[in-house]
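Single-letter residue listing:
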Amino acid sequence: MSDMLLKVENLEVQFRSGSTLTKAVNGVSFSLNRKENIGIVGESGSGKSVTATSLLRLIPDPPGKITGGKIIFEDKDLLKLSDKAMRKIRGNEISMIFQDPSTSLNPVYTVGNQIVESIETHQHLNRKEAKEKAVHMLELVGIPEARKRFSMYPHEFSGGMRQRVMIAIALACNPKLLIADEPTTALDVTVQAQILNLMKDLQHSIDTSIIMITHDLGVIWESCDKVLVMYAGNVVESGTVQEIHDNPLHPYTWGLLDSQITESVSSEEELSTIPGSPPDLSLDISGCPFAARCPFAEEICLEKTPEMIEAAEGHFTACHFQTKEHRLDRKEAKVDDRSNIKS
Amino acid sequence: MTSIQAEEEIVKTMEDKRKKEQSLFRKLIKNRLAAFGLIVIFLLIITAIFAPLIATHDPNTMDVTKALLGVGEQGYLLGTDNFGRDIFSRIVYGSRISLIVGIAAVLFGAVIGSLLGVAAGYFGGKLDSVIMRFMDGLFAFPFILLAITLMTVLGQGLINVIIAIGIANVPGFARVVRGQVLGVKESEFIEVTRSLGAKHRRIIFQHVLPNSLAPIIVYATMSVAGAIISEAALSFLGLGVQPPTASWGSILKDGKDFLVLNPNMATFSGLSILITVLSINLFGDGLRDALDPKMKV
Amino acid sequence: MGKYIFSRLINMIPTLFVVAIIVFLITRMIPGDPASVMLGPQASREDVEALTEALGLNEPIHIQFLQYIGNLLKGHFGVSLSYNQPITDLIINRFPNTVILAVSALIIAFMIGVPAGIISASKQNSLIDYSITTISLIGVSMPIFWLGVMLVLYFSVNLGWFPATGMGSMADGFISYLKHLILPSITLATIPTATFARITRSSMLEVITQDYIKTARSKGISEFIVIFKHAFKNAFNPLLTVLGLQISSLLGGAVLTETIFSWPGMGLLIIDAIEKRDFVVVQSTVLFIALIFVIVNLVVDILYKVVNPKISYSTNKGGTK
């Protein structure tokens, strides 16, 4: 068996509403080895969640549609599977947890019922065995009094506990890949760390790979091996966590880094933000999608789409000025000198 | 905020609303079903107004020698009833009763219901509980049964039909309006007005009511459909307008007794009711979607 | 739960009291002398005076009201002049027939309307969705007294499949009983069926965009289970809320349906009594129907709480619905 678990090639996803066509994901490629974690980071609307949801083919259709690319999971192209074969993958080989645990559990069924359902769908266990397994899963995710909690409704759980339940559901069938779509965003800061630690612990015990979707680079540094930085439906930079952390190249990544709250930022230093807002994806964008907000942008950025090049080993970026010949100085990014762009 | 600023703010809100309403007509036209409903309603109003021109015969002239003729016989478009009256002309004239009752009864219910609802919602407290208890009591009677009971007491006749159906409409309007008023009352916009020292009456009639108008209009539209059906039902039971006045319900009542000899009486009178009510409901649905897609009446 | 039911029962009392007042007021609105109206123009003066005395109409109005309430509390509805029977007996005889009709209609409405709404929502904007939406809009606009007459015309008069009027008796066999029941219950079911379809559709459309539906799909369960297990149970509450209103329109519709098919229920009793000018019967029957409606609504409210575990049982939380 090869070490490659997932390979996404040129994934394209579009949403149609009336006569407007939004290109939410525009040719995303990445690969993931077994037991490896990849983080996808970007602002809201960057296409990171759509990318993740597309992997399970859970984009609501209509209005959404996967219009191109390949999703090779082990040796199958998920986009070519029948609906029935796809259902055998979902929750079994690839599971997903979502952003808001308060809305992602069904309010009218007990949490036990919702875990058992997942187990019964994919494993040949009788009801009693499935229940035992579910209780075991609840214990595994650190829910005290699991047996009693088994027959309680989601509204009787706190936010953090609900997310633990979601993790129990997702991991109930020992999936090879777990997609976590902003799993900590809706939680209290103190609970966030607990959930991340839990995911890390569990990953080691069941050998699963994780795709971590987040807008928080801090989460990525903590839990991932590789990073994909997305902007406006495109990957603008990718590489190992080490590389991106120590030597980020794309101006957008710099902007993201600068806008993170870190301990080193003193209260006197103003937290920087990226000026402007992401482009409207229903319009045709020529050139670099980030050009309009980029402090380094020049004529060429508006005219020509930069290609993804390997700037350092295993470190890719798409910027006209970050090539082997060219290098930008990150310090300049702080100076918001945009006078060189014609507006 | 000075009072001039506040006034300007309010005027601006109103203007925004007016702009919204301008596009309302467009939205309605865009919704093809609603447009269809509107056209039928328009045709119906034309029919009612110009009934004497459209009708081919006098609706009440009896001629027993020509009773129960079939479709098209001797120049009677839809044939004749058991008294030899022209069915088509009676249906044309019947549209008048349906429209008059539909509109007048709903107006009656809307005015009284809205006043009660505003009073209950705006002033709250004891007045609210007394009014709403009474409305709950009225709600305990099935709509048509309340109208039937009132008609047995009031006796047949157009005015009485309007009063009976109007009263049956009161609790519905009171509830809708009260709910709206409670919502609007809490909004910042009203608080600003109140802090400026506006009088109750001014607040209610210039601010609260106009702001709750949209759901009231939608509810009223739907209620017209209900009132038309109720009038027909009352006349069908022999409790509506006095014979020989042609009403769709009374034509249907006669038609029911001569179903075998001439099914057209029953068929076409009822079809008129259905098409009218359906059109109003189509229009009402479109109106609701256009005014506020989230609104539920 | 017991506490909730108790507090709802207490809350019901003022409503029932108001209902009684309304019925009392309506009957006192009769212009002229009720006794002579009831007895008709041929009645002798002695008879009118005797009836006036018997109905207690000589007493001042507040005494009359107290007597009326007192009788109600004792379950004493008085005696019908035209039927020569205690009104309580009349109601007891007729009520089950109306219940049979209304329950049959409700079952039809549920079995057809709810699945239609679910299918419509899960195939949103498809041909089948448009068809169901259109048919249900025609359904809610239907003058059922006309539909009843048309059903009689086609299925009784022309085809002779079903009897046009009356209620079969079990003594003639179940088939005959059912044949009598079919047309009236279809007539009465029309509006609730269409309403259920519309409510189910809009409620399902709201539910299927929820996150937990995405969670359910991400588990790999079949679309059938996603829709019927996960979505429908959540879409059920709005249906229960309209159920109360539907009961009201069913009871109203029953008056019309029973008249068309000569179905010997409460509705026909009211219409017959109106023709016989037996206002005491009208008054008592209408009051009884209102009472039934209030009780049914209470049961529906309790059911709502049972189905929906999220709602707390305390009655005055926030005060909004």
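So, how was this worked out
Residues numbered from 1 in each chain as written. Chains lettered and ligands numbered in written order. Predicted model: local features only at pLDDT ≥ 70, side-chain atom pairs only at ≥ 80, totals over all residues. Heavy atoms only, no water. Pairing = 2+ DSSP bridges. Helix = DSSP H or I, 4+ residues; strand = E, 2+ residues; numbered from the N terminus. Expected span 1.5 Å × (residues − 1). Buried < 20%, exposed > 50% of the residue type's maximum accessible area, 1.4 Å probe, protein only. Core = buried A, V, L, I, M, F, W, Y, C linked by side-chain atoms within 4.5 Å. Domains from an automatic or database assignment. Contact = heavy atoms within 4.5 Å. Buried area = accessible area lost by both parts, 1.4 Å probe. Salt bridge = Lys/Arg side-chain N within 4 Å of Asp/Glu carboxyl O. Polar contact = N/O pair within 3.5 Å; in protein donor to acceptor, adjacent residues only side chain to side chain. Nonpolar A, V, L, I, M, F, W, Y, C, P; charged D, E, K, R; others polar. UniProt positions renumbered as here; feature names shortened; annotations may be inferred.

1. A few points about the pairing of strand β1 (residues 4-17) of chain A
Residues and elements named next belong to chain A.
Then step 1. Bridge count for β1 against strand β2 (residues 20-33) is eleven bridges, and the pairing is antiparallel. Bridged to L11 within β2 is V28.
Then step 2. Examined bridge by bridge, β1 and strand β4 (residues 64-73) share eight bridges and lie antiparallel to one another. Paired with V13 across the bridge in β4 is I66.

2. A closer look at helix α12 (residues 264-291) of chain B
Then step 1. A rise of 1.5 Å per residue sets the reference length of α12 of chain B, with its 28 residues, at 40 Å; its end C-alpha atoms lie 40 Å apart and thus fit the reference within 8%.
Then step 2. Within α12 of chain B, 23 of the 28 residues are buried, leaving the element largely enclosed by the surrounding structure.

3. Brief notes about the nonpolar core
Then step 1. If you look at the biggest cluster of nonpolar residues, it comprises 138 residues, and the most contacted ones within it are F141, I148, I165 and L234 of chain B together with Y68, F145 and V149 of chain C.
Then step 2. In terms of residues, this core owes the most to one element, helix α4 (residues 87-123) of chain B, which gives 14 residues.
Then step 3. Each of domain 1 (2-73) and domain 2 (94-307) of chain C accounts for three or more of the residues forming this core.

4. Digging into the domain arrangement of chain C
All names here are of chain C.
Then step 1. Here chain C is partitioned into domain 1 (2-73) and domain 2 (94-307).
Then step 2. Computed from C-alpha atoms alone, the centre-to-centre distance between domain 1 and domain 2 is 33 Å.
Then step 3. Domain 1 puts 17 residues into the contact, and the matching count from domain 2 is 15 residues.
Then step 4. Between domain 1 and domain 2, the buried area comes to about 1500 Å², and carbon and sulfur atoms account for 81% of it.
Then step 5. Counting the contacts that link domain 1 with domain 2 gives one salt bridge.
Then step 6. For the salt bridge of D301 with R8, the shortest nitrogen-to-oxygen distance reads 2.3 Å.
Then step 7. Run the count over domain 1 and domain 2 and you get one residue pair in polar contact (both at pLDDT 80 or more).
Then step 8. When residues of the side of domain 1 that touches domain 2 are traced back to their parent elements, those giving at least two are α1 (2-28), α2 (34-39) and α4 (61-73).
Then step 9. Tallying contributions element by element places α1 first for the side of domain 1 that touches domain 2, with eleven residues.
Then step 10. Of the residues assigned to the side of domain 1 that touches domain 2, the class counts are 14 nonpolar, two polar and one charged.

5. Considering the UniProt feature "transmembrane region" (unreviewed entry) in chain C
Residue and element names in this part refer to chain C.
Then step 1. Mapped onto the present numbering, the UniProt feature "transmembrane region" (unreviewed entry) falls at residues 12-30, 99-120, 132-157, 177-197, 239-261 and 281-304.
Then step 2. The distance separating the terminal C-alpha atoms of residues 177-197 is 28 Å; by composition the span is 100% helix and 0% strand.
Then step 3. Helix makes up 100% of residues 239-261 and strand makes up 0%, while its end C-alpha atoms are separated by 29 Å.

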